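Residues per chain, in single letters:
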Amino acid sequence: MHPRCEMLDLVVVDGRARGIVTRDLLTGEVRSWPAEAVLLATGGYSNAFFLSTNAKGCNTTAIWRAHRRGAGFANPCYTQIHPTCIPQSGDYQSKLTLMSESLRNDGRVWVPKQDGDSRRPEAIAEGERDYYLERLYPSYGNLAPRDISSRAAKRMCDEGRGVGPGGRGVYLDFADAIGRLGEDVIRDRYGNLFEMYERITGEDPYRAPMRIYPAPHYTMGGLWVDYNLQSTIPGLFVLGEANFSDHGANRLGASALMQGLADGYFVIPYTLGEYLAAVRLDAVSTSADAFVEAERAVADRTRRLLDAKGRRTVDAFHRELGSILWERCGMSRTAAGLQQAIGEIRALRDDFWQDVRVPGLGSDLNQELEKAGRVADYFELGELMCRDALERNESCGAHFREEFQTPEGEARRDDERFCHVAVWEHAGEGKPAVRHVEPLEFEAVHLAQRSYK
């Protein structure tokens, strides 16, 4: 195990993945590692949005550098937004905390009917409250699916009816459940969650409603893989949330846990062995040209980041990029907004390379340097996310294009034209990525439009 190393490039020899290049986070040493095959299980990329439920160390660098070496990237715009997160409290915040969706079994979601109503929740009478999920989706109410619940919450806040700091929250109220079942029952069901909420916010959810807000959580896009979990580069296998596979077609997202277990326990132990048995692999040395070139590319990129000597911090650029993606390529998108986002991301990326300031050295522990490399990748990924969303002229699940909705304001799918996986191929520095299509065929379950009314 090498827990304090970060993968910064993939090495491809004779068209096959034959190793990686890493940087030691403590010493800054750049080193190559030859191999017969490479397995990536590096998680998702929700931190592109800056604020997400992911740990700050989660990033896209490993799979993005593999994409730049030729691995296809599938459905980058498919991101799951989780509706039950503790809202942002201020600009100082670096991540969001996920609360279990089990809370919606007993909590009722509402906002004031009057926009700009800043009274405390106990001062707002029942008749002045909008239990909007119960109103909009009477069959499901507060148990409406994640994408619908998230989109509705943001819409309430955008209308000016949000609560809490900056109006970025809605209430999740347990008063009815406590009155009906008693506080002891609610404590048995959700006591640890209530305690976590109180420690973070300083508010007692037994006495006042929780505040929640949607947040980027799970990513369904990732490197394209076949049924053996092999990418478009032979010898490069991708597992878990780093690939697109199990949730790459449903546009909604389910469980990374299932994907990790299936890929790691049931699939790769067999398919990797089959690959190694079927090919003849000559030994490779780290002195080979491919390794030398990859190490040089990593060193040059590091030097460029350290030499910028600009005025703005890495976090300032990341926060601005995250805001663009959240507003233009989050739960709700439009063609005009996506085109605007692509232009803004390109301008911000150019500014980043000219005006970012990375203090410290590359020869020791330098977390600003780590973050800078990741944010540089997020700029490129963010543009591809917007391009992918722009190409999909339909709405479905977590991907909602405002131009494509039913008269009731729900997602309008187009399975005839978009029942496929979009796989993007890196075309080279400064060139637009090439979009390929993999048709999807359903035999056991037939596609159908859902209604949650």
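Values in this document were obtained by computation on a predicted structure and should not be read as measured data.

1. Topic: unusual backbone geometry
Argument step 1. Located in the positive-phi region is Asn75, a residue other than glycine, with phi close to 45°.
Argument step 2. Looking at the element boundaries, Asn75 is found in the loop between strand S5 (73–74) and strand S6 (79–86).
Argument step 3. Positive phi is not limited to glycine here, since Lys309 has a value of about 55°.
Argument step 4. Take Lys309: it is sitting in the loop between helix H7 (289–307) and helix H8 (314–328).

2. A short note on the packing of H8 against helix H10 (residues 367–391)
Argument step 1. Contact pair H8 / H10: the axes reach a minimum separation of 10 Å and the direction vectors enclose 20°. Viewed along their axes, H8 and H10 adopt a mutual orientation that is roughly parallel. Relative to H10, H8 is oriented so that their crossing is left-handed. Across the interface between the two elements, Val314, Asp315, Phe317, His318, Leu321 and Leu325 from H8 touch Glu368, Lys371, Ala372, Val375, Tyr378, Phe379, Gly382 and Cys386 from H10.
Argument step 2. Of the residues assigned to the contact of H8 with H10, the class counts are nine nonpolar, two polar and three charged.

3. Quick word on the domain arrangement of the protein chain
The extent of an interface is frequently quoted as the accessible surface area lost upon association of the parts.
Argument step 1. When cut into domains, the protein chain gives domain 1 (5–78 + 220–439) and domain 2 (82–216).
Argument step 2. Of note, the centres of domain 1 and domain 2, computed from C-alpha atoms alone, are 33 Å apart.
Argument step 3. The tally of links between domain 1 and domain 2 comes to one salt bridge.
Argument step 4. Between Lys154 and Glu327 there is a salt bridge whose closest N-O contact spans 3.4 Å.
Argument step 5. Looking at the side of domain 1 that touches domain 2, the element that brings in the most residues is H8, giving three residues.

4. Quick notes on the environment of Val434
Argument step 1. Within the fold, Val434 resides in strand S17 (residues 434–439).
Argument step 2. C-alpha of Val434 to C-alpha of Ala297: the two residues are 137 residues apart in sequence and 23 Å apart in space.
Argument step 3. If we ignore the near neighbours within four places in the chain, the residues touching Val434 are Val423, Trp424, Glu425 and Ala427.

5. Structural notes on the packing of aromatic side chains
Argument step 1. In this structure the tally under the stated criterion is 17 aromatic pairs.
Argument step 2. Consider the rings of Phe49 and Trp326, whose centres lie 6.5 Å apart with planes at 85°: the pair is edge-to-face. With a gap of 277 residues between them, Phe49 in the loop between strand S4 (38–40) and helix H1 (61–68) and Trp326 in helix H8 connect regions that are remote in the sequence.
Argument step 3. Measuring from ring centre to ring centre gives 4.9 Å for Phe174 and Phe194, while their planes differ by 65°; the resulting arrangement is edge-to-face. Residue Phe174 is located in the loop between strand S10 (170–173) and helix H4 (175–181), and its partner Phe194 is located in helix H5 (residues 183–201); the two are separated by 20 residues in the primary sequence.
Argument step 4. A relative accessible area of 1% means that Phe174 is categorised as buried.
Argument step 5. The exposure class of Phe194 is buried, given its relative accessible area of 1%.

6. Some remarks on the side chain of Thr60
Argument step 1. Along the chain, the position of Thr60 falls in the loop between S4 and H1.
Argument step 2. On the basis of relative accessibility, which here comes to 1%, the residue Thr60 falls in the buried class.
Argument step 3. Apart from residues lying up to four places away in sequence, Thr60 is in contact with Tyr45, Asp377, Tyr378 and Leu381.

7. A closer look at the state of the cysteines
Argument step 1. Under the definition given, this model contains zero disulfides.
Argument step 2. With no disulfide of its own, Cys396 lies 9.7 Å from the sulfur of Cys419, the closest cysteine sulfur.
Argument step 3. Taking relative accessible area as the criterion, Cys396 reaches 7% and is therefore assigned buried.

8. Digging into the pairing of S10
Argument step 1. With burial as the criterion, each face of S10 is covered, one bearing Val170 and Leu172 and the other bearing Tyr171 and Asp173.
Argument step 2. Sheet analysis places strand S8 (residues 108–112) next to S10, joined by three bridges and oriented antiparallel. By the bridge assignment, Arg108 is partnered in S10 with Asp173.
Argument step 3. Both S10 and strand S11 (residues 210–219) contribute to a ladder of three bridges, which runs antiparallel. Paired with Tyr171 across the bridge in S11 is Arg211.

The rules behind these values
- Along every chain, residues carry numbers that run from 1 in the direction the sequence is written.
- Side-chain atom pairs in this predicted model are given and counted only at pLDDT of 80 or more, local residue features only at pLDDT of at least 70, and totals for whole chains, interfaces and linings cover all residues.
- With hydrogens and water stripped out, all remaining heavy atoms of the structure feed into the side-chain values.
- Strands here are runs of E lasting at least two residues and helices are runs of H or I lasting at least four, both read from the DSSP assignment and numbered beginning at the N terminus.
- Orientation is described by lines fitted to C-alpha atoms, with helices fitted over the stretch in contact, and by angles between N-to-C directions that extend from 0 to 180 degrees.
- What sets the label is the angle itself: under 35 degrees gives roughly parallel, over 145 gives roughly antiparallel, 65 to 115 gives roughly perpendicular, and the rest give oblique.
- Should the near helix be turned counterclockwise from the far one by less than a right angle, the crossing is left-handed, whereas a clockwise turn marks it as right-handed.
- Residue contacts are counted whenever heavy atoms from the two residues lie within 4.5 Å of one another.
- As a working rule, the residues Ala, Val, Leu, Ile, Met, Phe, Trp, Tyr, Cys and Pro are called nonpolar, Asp, Glu, Lys and Arg charged, and the rest polar, with Gly in that last group.
- Per the annotation, domain bounds derive from an automatic or database assignment of domains.
- For this analysis, a salt bridge means a side-chain nitrogen from Lys or Arg found within 4 Å of a carboxyl oxygen belonging to Asp or Glu.
- Two rings from Phe, Tyr or Trp (for Trp, the six-membered ring) form a pair when their centres are within 6.5 Å of each other. A pair whose planes differ by under 30 degrees is stacked, one over 60 is edge-to-face, and the rest are tilted.
- Residue burial is assigned from relative accessible area. The probe radius is 1.4 Å, only protein chains are included, and a residue is buried under 20% of its type maximum, exposed over 50%, and partly exposed in between.
- Any cysteine sulfur atom paired with another within 2.5 Å is treated as part of a disulfide.
- Two strands form a pair only when DSSP identifies at least two bridges running between them.

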